[in-house]
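# Tertiary structure, described
Chain by chain, the residues:
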Amino acid sequence: MIEDDLRAAFVRHEPLTPSTGPLRASIDRLAATRRRRRQRFQAAGVTLALLAALGVGVPQLRPDRPVDGPSLSGQPAGTPSEALNVLLLGVDGFGEQPSYRLADSVLLVHIPADRSRPYLISLPRDLGVSIPGRGVDKLNSAFFTGAGEPRPDLDAGYDLTRRVVADLTGVRVDAGAVLTFAGLRRITDAVDGVQVCLPKEVESWHTRRTFPAGCQRLDGAASVDLLRQRRDLPDGAFDRDRNAQRYVAGLIRAVSAKDVLSNPVRLAGLLSAPGKGLAVDDDGLPLTRLVAVLPELDSVEPVGLSLPVGEPVDDRTLLPLDPKLGKAFLAALAEDRLAQWVAQHPERVNPVR
């Protein structure tokens, strides 16, 4: 009896059931958008990524009107008068399709609204942050959590890390890139090496190669070797972050010296160099406009900074944000007044040459 009543009720209400066609169409459109975004992440966005990673190309964005489309944080994309923030993640992978794990290098490139110079801000890998789906953990585990296993999803790893960084810093992330060490090696060789200036000698824990104090030109393999070093360095991962800033500064100088951005042939060669070792999310910014307009920075010499943190608070070596300096630094970043903060705290600047 109950079964018959249920059948009758279903028959009476069946005409009221909405068609699944529109829902199916929406799902298909979402899936198609996701596929296109992944393709853009892997290929079409390479131009923006390299320009952004060099700290040179993004500031040249000077459209006549605001850029259409949402930014990575879900807010409207920035107008030319606004500061720009580019998130760069370095993952320790060596093959064309490596098994990505942790993003041990997290660098936020801040371009102020006055387009004075780029600021390279290292976010410590061990910084304790709130990660959706994981709770409080180290910043470098955000990429692993988002990417998943056993076949990591590169853009998903980036997306979650971007969310965490945006929540931490309070700034909109306008674009970003994930660079493997394989891609970094090829980019370095494409510009005939990068000059890196070290304050102290570094011995490779992996190859036993010695990098002497002072300025030296490194090829791709040597650059990767140096940037992997953390053990046996006096400040461990902090020194690795500083070496990453020194490498990026040297790469900026190498690209500027070769006039790559204004030479289409050289630019095309550099853009194709990293292959699958570079993945980008341009989030719809017009790449042709980025390539067509020359850089407008007053100086391409970057300022190296590190987010101020405190001492570990538990046995997981989670680093807390410095309660005073850290909060003041993030306020200066969000309000686009890092120049004033640097003038007040010159001891916090990491020399890059």
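What you see is a predicted model, and the numbers here were worked out from it, not measured in a lab.

## Some thoughts on the confidence of the model for the chain
Detailed reading of predicted coordinates is not advised where the pLDDT is low. Taken over all residues, the pLDDT of the chain has a mean of 74, while the share at 70 or more is 63%. Predicted confidence is poor over residues 35-80, with pLDDT under 50, and the contacts of this stretch with residues over four places away or in other chains come to 129 contacts. When the criterion is pLDDT under 50, residues 283-294 qualifies, and its contacts beyond four places in sequence or with other chains add up to 30 contacts.

## Details of the nonpolar core
Ranked by internal contacts, the top residues of the largest apolar core, which has 37 residues, are Leu87, Leu89, Leu139, Phe143, Leu305, Phe329 and Leu338. At six residues, helix α5 (residues 154-169) tops the list of elements feeding residues into this core. Apart from the residues lying within four places of it in its own chain, the contact partners of Leu139 are Val106, Leu123, Pro124, Arg125, Leu127, Val129, Val164 and Val165.

## Here we look at the pattern of salt bridges
Under the definition given, this model contains nine salt bridges. In this structure, Asp235 engages Arg242 in a salt bridge whose closest nitrogen and oxygen atoms are separated by 3.2 Å. Among the residues examined, Asp235 registers a relative accessible area of 40% and is labelled partly exposed. For the salt bridge of Arg253 with Glu301, the shortest nitrogen-to-oxygen distance reads 2.9 Å.

Conventions used here
Residues numbered from 1 in each chain as written. Predicted model: local features only at pLDDT ≥ 70, side-chain atom pairs only at ≥ 80, totals over all residues. Heavy atoms only, no water. pLDDT = per-residue confidence, 0-100. Contact = heavy atoms within 4.5 Å. Core = buried A, V, L, I, M, F, W, Y, C linked by side-chain atoms within 4.5 Å. Buried < 20%, exposed > 50% of the residue type's maximum accessible area, 1.4 Å probe, protein only. Helix = DSSP H or I, 4+ residues; strand = E, 2+ residues; numbered from the N terminus. Salt bridge = Lys/Arg side-chain N within 4 Å of Asp/Glu carboxyl O.

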